[in-house]
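Residue-level structural notes
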Amino acid sequence: MPELPEVETIVRGLKPEITGRRLTFVAVHTPSVVRGDARAVEKLRGRTVKTISRHGKSVFIELVSAGSPLATLRVHLGMTGQLLFETADVALARHTHVLFRFEGNPRELRFRDIRRFGCLELVTPKTRPNLGPDAWQSPPEVIFETLRGRAGMAKAALLDQTLLAGLGNIYVDEALFRSGIHPRTPLGRLPLPKLRALCDAIRLVLGESIELGGTSFRNYVDIEGGRGGFKGRLRVYGKHGSRCRCGDIIRRDVVAGRGTHFCPSCQPRLRSPSRPSARSTP
DNA sequence: AGGTTGACCTGGACGC
DNA sequence: TGCGTCCAGGTCAACC
């Protein structure tokens, strides 16, 4: 599942391949993967890639054309989306939905998505999705202030892209484990040092994963079809039933509607708010 | 308003 | 072998 580190890896791979190049060919084979008018995407032909960037799990490709306003193509990979560079003679893999060719680049860019949760979309500043600050590129202080005092369970809040953009199920579970926070803890009740530890853990897991080219749990591959190396560093995600380093057994519960992996010993529930004890000093 | 559930979609795992 | 069922989860909508 492409989350922030996987999308970052893809964007880093795409930058030298397409930046400054003119789009010579666009073919949408599956119009339903395009939000809005699929023909508008095909009409990008002739434009030149000015920039390619990432915000959260979204890829943004800005294309310019003399005398026309800037066009911004947003690509979201959903759960099984892939952006692959292949020479045109390589047979199209099943579930390949959109093709792009660029002047001076012998390979073509293919958008493939088995489950079609991903999408392409032309966006304007007004129709850009409402995303919170990027979980990797934002200064730690911004992330701290973003999460501070928020209502709702930690798991749900960290998955909320309008709050903080980029984390998905894998990295939320890993960051909560590394900071010793139970997924059901209300964010607003975290002691500030604990919240600080959570922010540090988010940076730690994202940085480590980006360095290793992301996590290939099921379908994720980079633009060359290569797999990410972070899977071996996972400590709780997908490890329910096996033993944590502390000796306890890692559990899997459904929290905020998602499979959630945690160690009950390393991530204890917060005690109920202290209230006067009936049995205190006589 | 926080929380849960279902829909979307397909492949893979599992049980009979 | 082959069929039915369930599960995975990013995001959105509908509901309690």
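Residues numbered from 1 in each chain as written. Chains lettered and ligands numbered in written order. Predicted model: local features only at pLDDT ≥ 70, side-chain atom pairs only at ≥ 80, totals over all residues. Heavy atoms only, no water.

What follows covers the protein's contact with DNA strand B. Taken together, the neighbourhood of DNA strand B is formed by Arg94, His95, Ile114, Arg115, Arg116, Phe117, Ala151, Gly152, Met153 and Ala256. Among atoms of DNA strand B positioned within 4 Å of the protein, sugar and phosphate together represent 66%. Within the side chain of histidine 95, one N or O atom sits 2.8 Å away from a phosphate oxygen of DNA strand B. For the surface near DNA strand B, a count of residues per class yields five nonpolar, two polar and three charged. (Near = heavy atom within 4 Å. Polar contact = N/O pair within 3.5 Å; in protein donor to acceptor, adjacent residues only side chain to side chain. Nonpolar A, V, L, I, M, F, W, Y, C, P; charged D, E, K, R; others polar.)

This part takes up the domain arrangement of chain A. Split by domain assignment, chain A resolves into domain 1 (4-123) and domain 2 (140-262). With centres defined by C-alpha atoms, the gap from domain 1 to domain 2 works out at 28 Å. Summing the contributions of domain 1 and of domain 2, the shared interface buries around 1,600 Å²; its carbon and sulfur component is 64%. Glutamate 224 is the partner of arginine 107 in a salt bridge, and the nearest nitrogen-oxygen pair spans 2.8 Å. Between the two partners, domain 1 and domain 2, sit seven residue pairs in polar contact (both at pLDDT 80 or more). For the side of domain 1 that touches domain 2, the secondary structure elements donating two or more residues are helix H1 (4-18) and strand E6 (81-87). When residues of the side of domain 1 that touches domain 2 are assigned to their parent elements, the largest contribution, 10 residues, is made by H1. (Domains from an automatic or database assignment. Buried area = accessible area lost by both parts, 1.4 Å probe. Salt bridge = Lys/Arg side-chain N within 4 Å of Asp/Glu carboxyl O. Helix = DSSP H or I, 4+ residues; strand = E, 2+ residues; numbered from the N terminus.)

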